[in-house]
Amino acid sequence: MTQLAINVLGMTCEHCAARVRDALGQLPDVKVSRVDHEEGLATIESGRWYAPEAFEKAVGDAGYHFAGASVMDEVTIPVGGMHCNNCARKVNNELAVVSGVKRVDVDLDGERVTVTGRAHLGEMIDAIRRAGFTVGEPPAQPDVPEVVDVAGGEPESGAACPVQLNLSGMSCASCVSTVERALSGVPGVERASVNFADQSAYVVTRGDSAALVDAVKRAGYGASIRQDDDLESRDAELAARLRSTYIKSGVALALGAALMGTMQFNLLPTPDATAFWLGVSAVVLAAMAYAGGHFFVGAVSSARHGAMTMDTLIALGTGTAFIYSFLIIVAPELVPPASRHLFFEAAVFIIGFINLGKGFEDNAKGKTSLAVKKLIGLAPKSASRIREGDEEETVPIEQVVVGDRLRIRPGETIPVDGVVESGNGSVDESMLTGESVPVDKTDGAKLVAGTLVMNGTLVMIAKQVGGETVLARMIDLVRDAQNSKPAIGRLTDRIASVFVPAVIAIALATGVAWYLVGPEPKVSYVVVTMMSVLIIACPCALGLAIPMSIMVGMGRAASAGMLIKNSEALQAAARLTLIVVDKTGTLTAGRPRVTRVWAQDDETGMLSLAGALEKLSEHPLARAVVQYVQEQGIGETTVSDFSMTSGGGVTGTLDGQTVAVGNPNYLKSLGMSRRFDAQPEGGSTAIYVGRGHEV
């Protein structure tokens, strides 16, 4: 029997856990040991080999998100393609370096490998595939040669893994369709979604990620695998791109304004001043190359790949304006006298305004990744690792491995998922649960990366690191959601795929109509109307509106503390008439406050004593008490011998007597007896104040 731990996202209650338990239990020879909805974990025992996609389908059919599986002790994996000891050695070497693997036994005759240790199943499968072999049932016809992707990919096998790509060169929604078709055509790709607003792609594939990059490049666009986010470098890159875009826009608009202004006041010579206008045309051409060269390069690249994009429209419109004007200067006899108008200012104005619009779009894009940025910002960059001899060293978070002992002090963020080995403290888990009241942690308690230690020092043992932490899976979930498309988004993509050819056809029909029935000067009207049709389609709001709406909506939700699972929810939200919330903590202001006071006799004295003790504490409830005492204008009392007990309360000495503030069990342990009980309102927490032997 193989014991596996399966990470499941989206469970919120025992009902969810039961659904996941039933779904996994329907797999033959699978026994579900436990499902913990709070931890997002299902533990199973399997009597046969299952690839991760089998668990992904079972969990997905139940309505939840599969986030990987880890081996608890030992697993036997069928491996296809091994023929000799050299093959066995390659498999052994690749698996040996996987984090958590302790032992590897390769069985050549049985075409399988047995791995001992606690390691991620997907990483094991990736290691076997890196060695050049297939994972799954041994092939029925081993003599049949492997089918390898001509783009350089690997055989279509193994676990389906999400891959995030950074894209460049996309200018409109037509580009989105082209890139999605290119990615979907790569062997092993199960799903590909391109986000025009974020210039990224989210691909679920069983093949080689390098083949995805090659496919995008063959389609005429740039692509690279998205690595761990460096927010500072990405922000710097965006700022540099914005600066360049605005400078280009300024150059084009300034030249266009100068030409238009001088023409308006009749300061320019007539078109037969050939030498002057040749100089102007050279300046205009240089400005077009500097400020709009990327449009023409994009149009040529698209044409080479048999596609038409927004760059095509811009290049046709501005290029037509320039060429027509240049012909009037060098060969005026080709154009009737009444049609000899120059459009140099129109060409540079169009490029200037489109660049300005692109700058505004880029600026908006930079602000719409708030959801992911907020989550990434929760994780610390380093951790305090405890070495032998109880010595500490500060290491980058990437160097923390499973089993490391880490120390977290008050005010520090927990770096990875794990359990408390020693120490007591309270942890703010509101980023995970929405509950603002800190949770007390003692030996054996679970800790989640990104949560904040409010008080007390904890020593923890790392259990999940890197992409296996709850926080990392949340980030992946949000990225997946931002790249998902609602029904209306898929509709606009289909429209956009024929949008540019349709615009060009309409422009041609417009030109023909004006030439046949338009007034004189016909040629001028033909040029102006065709150019107008081409340019008015820019920028492509059709392709930008939907992805920008999704990213802005999810970013605004994240700033309010909400994570949205997919874009279909956003589209459905427009029809909501009733919202049911299962946890009141998600609706609070996030800060506790005093709502009622009970006093046996001297309320002022009790509050003065509570304020003096709580002022020395770091607990959020203590801050609420101190704020209330200050608002009441009550003077402070000075206490000595202050001490704090995590999960209990605080004590001190006043006039030779023990004074304390905390929960009833804590005060009872100090020998203080209660004469009455407070009756907290719904959702409230009662805090007791004691002096001497009495509460």
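Residues numbered from 1 in each chain as written. Predicted model: local features only at pLDDT ≥ 70, side-chain atom pairs only at ≥ 80, totals over all residues. Heavy atoms only, no water.

To continue, consider the side chain of glutamate 345. Here glutamate 345 shows up in helix 10 (residues 344-367). On the accessibility criterion, glutamate 345 (12% relative accessible area) is buried. For glutamate 345, the contacting residues outside a window of four places in its chain are Gly256, Leu259, Met260 and Met263. (Helix = DSSP H or I, 4+ residues; strand = E, 2+ residues; numbered from the N terminus. Buried < 20%, exposed > 50% of the residue type's maximum accessible area, 1.4 Å probe, protein only. Contact = heavy atoms within 4.5 Å.)

The strand order across the open sheet built from 3 strands is 19-18-21, with neighbouring strands paired in antiparallel fashion. Every other strand in the sheet has two partners, leaving strand 19 (439-441) and strand 21 (452-455) as the edge strands with one partner each. Taken over all neighbouring pairs, the strand axes of this sheet differ in orientation by 45° on average, direction set aside. When strand 18 (residues 425-428) meets strand 19, the two strands line up antiparallel, connected through 3 bridges. Directly across from serine 426, in strand 19, lies its bridge partner aspartate 440. (Pairing = 2+ DSSP bridges. Axes fitted to C-alpha atoms, helices over the stretch in contact; angles between N-to-C directions.)

Moving on, we come to the side chain of arginine 206. Mapped onto the elements of the fold, arginine 206 is located in the loop between strand 12 (200-205) and helix 6 (209-218). Residue classification places arginine 206 among the buried positions, given a relative accessible area of 18%.

Quick look at the sheet that holds strand 3 (residues 41-46) now. The strand order across the open sheet formed by 5 strands is 2-3-1-4-8, and the pairing between neighbours is antiparallel. The sheet is open, and its two edges are formed by strand 2 (30-36) and strand 8 (119-120), each paired on a single side. Across the sheet, helix 2 (residues 52-61) touches strand 1 (2-9), strand 3 and strand 4 (65-71), and the angle it forms with strand 4 is around 140°.

Another aspect to go through is the pattern of salt bridges. Using the criterion set out here, one finds 19 salt bridges in the structure. Among the charged side chains, a salt-bridge network with shared partners connects Arg385, Arg387, Glu391, Glu393 and Asp404. (Salt bridge = Lys/Arg side-chain N within 4 Å of Asp/Glu carboxyl O.)

Before going further, it helps to examine a nonpolar patch on the surface. Where nonpolar side chains cluster on the molecular surface, the patch consists of Leu278, Ile323, Phe326, Leu327, Val330 and Leu334 and spans about 510 Å² of accessible area. When residues of the nonpolar patch are assigned to their parent elements, the largest contribution, 4 residues, is made by helix 9 (residues 310-330). Among the structural elements, leucine 278 can be located in helix 8 (residues 274-304). By relative accessible area, leucine 278 is classed as partly exposed at 34%. (Patch = residues over 30% accessible without salt bridge, like charges linked within 9 Å, V, L, I, M, F, W, Y side chains within 5 Å. Areas by Shrake-Rupley, 256 points an atom, 1.4 Å probe, with all protein chains shown as cover.)

Let's shift gears to the nonpolar core. Core analysis: the biggest nonpolar cluster contains 46 residues, and Leu24 and Met124 have the highest contact counts within it. With sequence-adjacent residues up to four places away left out, leucine 24 is seen in contact with Ile6, Val30, Val32, Ala42, Ile44, Phe55, Ala58 and Val59. Val348, Val500, Ile504 and Val527 belong to the second largest nonpolar core, which has 37 residues in total. (Core = buried A, V, L, I, M, F, W, Y, C linked by side-chain atoms within 4.5 Å.)

Closest axis-to-axis distance for the helix 15 (residues 499-517)/helix 16 (residues 522-536) pair is 8 Å, and the angle between their directions is 160°. Taken together, the axes of helix 15 and helix 16 are roughly antiparallel relative to one another. Where helix 15 crosses over helix 16, the handedness of that crossing is right-handed. Facing helix 15, whose interface residues are Val503, Ile504, Ile506, Ala507, Leu508, Thr510, Gly511, Trp514, Tyr515 and Leu516, helix 16 presents Lys522, Tyr525, Val526, Thr529, Met530, Val533 and Leu534. The residue inventory of the contact of helix 15 with helix 16, partitioned by class, reads 13 nonpolar, 3 polar and 1 charged. (Parallel < 35°, antiparallel > 145°, perpendicular 65-115°, else oblique. Left-handed = near helix turned anticlockwise from the far one by under 90°. Nonpolar A, V, L, I, M, F, W, Y, C, P; charged D, E, K, R; others polar.)

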